Amino acid sequence: DAKTTQPPSMDCAEGRAANLPCNHSTISGNEYVYWYRQIHSQGPQYIIHGLKNNETNEMASLIITEDRKSSTLILPHATLRDTAVYYCIVRVESTDKLIFGTGTRLQVFP
Amino acid sequence: DAMVIQNPRYQVTQFGKPVTLSCSQTLNHNVMYWYQQKSSQAPKLLFHYYDKDFNNEADTPDNFQSRRPNTSFCFLDIRSPGLGDAAMYLCATSRDVGGPQHFGDGTRLSIL
């Protein structure tokens, strides 16, 4: 079973920051937080992952709380093309398995 | 561009008629995965290959088989498709176990 909880849907205005929360209160010390997204009719796309420290790349920022029980994915300037289902996944780095939860459907509107 | 390619994007087969879905990759990754995604659900891992080593998920039905003849190609065989097997089938790769996975755009399978 997925070990994360996400809101089922969120809206965001184009150009504004989209902040997607994820709860993972049972995360273990060796588990990473991964984020993927799935745009309609496409395969999932890797966004970012982290263990303890905040991470940033060209797509997004990942903020992990100090106790690691929750995290937030930030899309700094959402565009219409960011409309997708966003999945937060916890995963032991040495394992192969991605267990997808139900995700958050982000709708970016003009 | 290096990528994961799944052909065809749409596949129709008859109830009980064997069908094979294909996946190729130009990333030279060691690991290849097959996921099943039913309508309005999240992807679910069926099995994966690490190089030539096959790893089946415990709840994957026996009806589903896979072949990996070389690094670049991986096939999903459904021996006797039932109506419940209609789904999107996603192929993914990763350089090694534990790394980010790169997905193809899937093959949507319909059963008549």
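Structure shown above.
These lines cover the structure that appears in this document, whether it is placed above or below. (Residues numbered from 1 in each chain as written. Chains lettered and ligands numbered in written order. Predicted model: local features only at pLDDT ≥ 70, side-chain atom pairs only at ≥ 80, totals over all residues. Heavy atoms only, no water.)

Considerations on the state of the cysteines
For step 1, the next point in the chain: The final tally for this structure, using the stated rule, is two disulfides over all chains.
For step 2, the next point in the chain: There is a disulfide in this structure between Cys22(A) and Cys88(A), and the S-S distance comes to 2.1 Å. Across the disulfide from Cys22(A) to Cys88(A), rotation about the S-S bond amounts to roughly -85°, and the bridge is consequently left-handed. Taken together, the residues span a long stretch of sequence, with Cys22(A) in strand 2 (residues 18–23) and Cys88(A) in strand 8 (residues 84–92) at a distance of 66 residues. For the pair Cys22(A) and Cys88(A), one class covers both residues: buried.
For step 3, the next point in the chain: Disulfide pairing places Cys23(B) opposite Cys91(B) at an S-S distance of 2.0 Å. Between Cys23(B) and Cys91(B), the S-S torsion sits near -75°, and that sign places the bridge as left-handed. Highlighted residues: Cys23(B) in strand 3 (residues 19–25) and Cys91(B) in strand 9 (residues 87–94), separated in sequence by 68 residues. Exposure class is identical for Cys23(B) and Cys91(B). Each is buried. (Disulfide = S-S within 2.5 Å. Helix = DSSP H or I, 4+ residues; strand = E, 2+ residues; numbered from the N terminus. Buried < 20%, exposed > 50% of the residue type's maximum accessible area, 1.4 Å probe, protein only.)

Quick look at the pattern of salt bridges
For step 1, the next point in the chain: What the rule picks out here adds up to four salt bridges over all chains.
For step 2, the next point in the chain: Across the pair Arg37(A) and Asp82(A) runs a salt bridge whose closest N-O atoms are separated by 2.8 Å. Taken as a pair, Arg37(A) in strand 3 (residues 31–38) and Asp82(A) in the loop between strand 7 (70–75) and strand 8 lie far apart in primary sequence, 45 residues in all.
For step 3, the next point in the chain: Linking Asp59(B) and Lys44(B) is a salt bridge whose minimum nitrogen-to-oxygen distance equals 3.0 Å. In this pair, Asp59(B) is assigned in the loop between strand 6 (53–56) and strand 7 (64–67) and Lys44(B) in strand 5 (residues 44–50), connecting sequence segments 15 residues apart.
For step 4, the next point in the chain: Taking the relative accessible area as the measure of exposure, Asp59(B) reaches 51% and is therefore exposed. (Salt bridge = Lys/Arg side-chain N within 4 Å of Asp/Glu carboxyl O.)

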